[in-house]
Amino acid sequence: MSRYICPLCSNPHLRLSDMSPTIESIYREVDDLVDDCNCQEAYKKLVSMCDFVNDKAEWHRKCAEVCYMVSNMEEKDQERVEWLKTGRQHALDAHELNPVSVPILKILCSTTGRLAEESGIREKISLGFEFKTYLDRAVALDPLSFELLHMRGRFQYQVANLSFFERLAARAIGTLPPTSLDSALTDLLELRFSSCDYITAKKWLAQAASASCDEDEPVEREHIEAARELLLSRVYQK
């Protein structure tokens, strides 16, 4: 820390700016609270520093991530949903300020996707379309991201397996994304070879392998068989 010589007493003193906590030091405190699973306190600290932050996009991103973690710890459905909504709003605000940030798009996808899972059919489908929009933007910026490939493979698998009534509802709201087991498996296979997270890859391959298709869908059947064969690989037998 720098000191200056006081013109009145001729003694060295710390500058006031050196005694004030920096944004970086507060972020470190927030990270420590998160590491201790004290995420609600971490969020309170983030909110308290809002007026002093210049990089609002980064601040919103951190708020979104902390809210997402709080939601994962909440056992009550309503409180979990409220934290997800708050986190998603932070992520939306961050994305508006910095639309090309992949970390921001990732947390925006995460909060939107989780909120969709907690919602009724109409809102679930509407949020699903939004999730796909943000995910496409993120993949365009970082096409080899393990996390994004996992999200896209999971999303495409779920869309490919929507029930008849869910598909009707989706078409009433908007156009269903052109997904199939083919594209879902493509992402999941890329995931397998781009990461050593075989447990996650095995989970989604197992779901694809257990899928069913009609007799007039030979391509789908081929990829289901491919998933089943992959699961017989030595790496998945551990």
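Summarised in this report is the structure supplied together with it.

Cut-offs used in this document
- Residues numbered from 1 in each chain as written.
- Predicted model: local features only at pLDDT ≥ 70, side-chain atom pairs only at ≥ 80, totals over all residues.
- Heavy atoms only, no water.
- Helix = DSSP H or I, 4+ residues; strand = E, 2+ residues; numbered from the N terminus.
- Contact = heavy atoms within 4.5 Å.
- Areas by Shrake-Rupley, 256 points an atom, 1.4 Å probe, with all protein chains shown as cover.
- Expected span 1.5 Å × (residues − 1).
- Buried < 20%, exposed > 50% of the residue type's maximum accessible area, 1.4 Å probe, protein only.
- Salt bridge = Lys/Arg side-chain N within 4 Å of Asp/Glu carboxyl O.
- Phe/Tyr/Trp six-rings, centres within 6.5 Å; stacked < 30°, edge-to-face > 60°.
- Lys NZ or Arg CZ within 6 Å of the ring centre and 35° of its normal.
- Axes fitted to C-alpha atoms, helices over the stretch in contact; angles between N-to-C directions.
- Parallel < 35°, antiparallel > 145°, perpendicular 65-115°, else oblique.
- Left-handed = near helix turned anticlockwise from the far one by under 90°.
- Nonpolar A, V, L, I, M, F, W, Y, C, P; charged D, E, K, R; others polar.

What follows deals with the overall build of the protein. Looking only at helices and strands, the protein features 12 helices and two strands. Along the chain direction, N to C, the helices and strands of the protein fall in the order β-β-α-α-α-α-α-α-α-α-α-α-α-α. For the protein, contacts bridging at least 24 residues in sequence account for 55% of all contacts bridging at least 6. Accessible surface, the protein as shown: approximately 13800 Å² in total, 53% of it carbon and sulfur.

Another point: helix α4 (residues 56-73). When the terminal C-alpha atoms of α4 are compared, their 26 Å separation across 18 residues agrees well with the 26 Å that a helix rising 1.5 Å per residue should span. Among all positions in α4, only A57, W59, H60, R61, K62, C63, A64, V66, C67, V70 and S71 are buried. As for α4, its buried residues are in contact with α2 (23-35), α3 (39-48), α5 (77-97) and α6 (102-117).

Moving on to unusual backbone geometry. One non-glycine residue, C37, lies in positive phi territory at about 60 degrees. Within the fold, C37 resides in the loop between α2 and α3.

The final tally for this structure, using the stated rule, is 11 salt bridges. In this structure, D77 and R80 form a salt bridge, with 2.5 Å as the shortest nitrogen-oxygen distance. Taken together, the positions of D77 and R80, both in helix α5 and three residues apart, correspond to about one turn of that helix. The partner of E130 in a salt bridge is R88, with the nearest N and O atoms 2.8 Å apart. With E130 in helix α7 (residues 121-141) and R88 in helix α5, this pair connects stretches of sequence that are 42 residues apart. The exposure class assigned to E130 is partly exposed, which follows from its relative accessible area of 26%. Here the salt bridges share partners, and the residues they tie into one network are D77, R80, R114, E117 and E118.

The next thing to look at is the packing of aromatic side chains. The tally for this structure, following the rule as stated, stands at one aromatic pair. Ring centres of Y43 and W83 lie 5.5 Å apart, and the angle between their planes is 80 degrees; on these two criteria the pair is classed as edge-to-face. Here Y43, found in helix α3, pairs with W83, found in helix α5; they are 40 residues apart in sequence, far enough to count as distant. Overall, W83 belongs to the buried group, its relative accessible area being 16%. The side chain of K62 reaches across the aromatic face of Y27, ending 4.8 Å from its centre.

It is the contact of α6 with α7, at a shortest axis distance of 9 Å, that shows an interaxial angle of 160 degrees. As summarised for this structure, α6 and α7 are arranged roughly antiparallel, according to the angle between their axes. Taken as a pair, α6 and α7 cross one another with a handedness that is left-handed. Taken together, the residues of α7 that come into contact with α6 (itself represented by V102, L105, L108, C109, T112, G113, L115, A116 and E117) are K124, L127, E130, F131, Y134, L135, R137, A138 and L141. Grouping the constituent residues of the contact of α6 with α7 by class yields 12 nonpolar, two polar and four charged.

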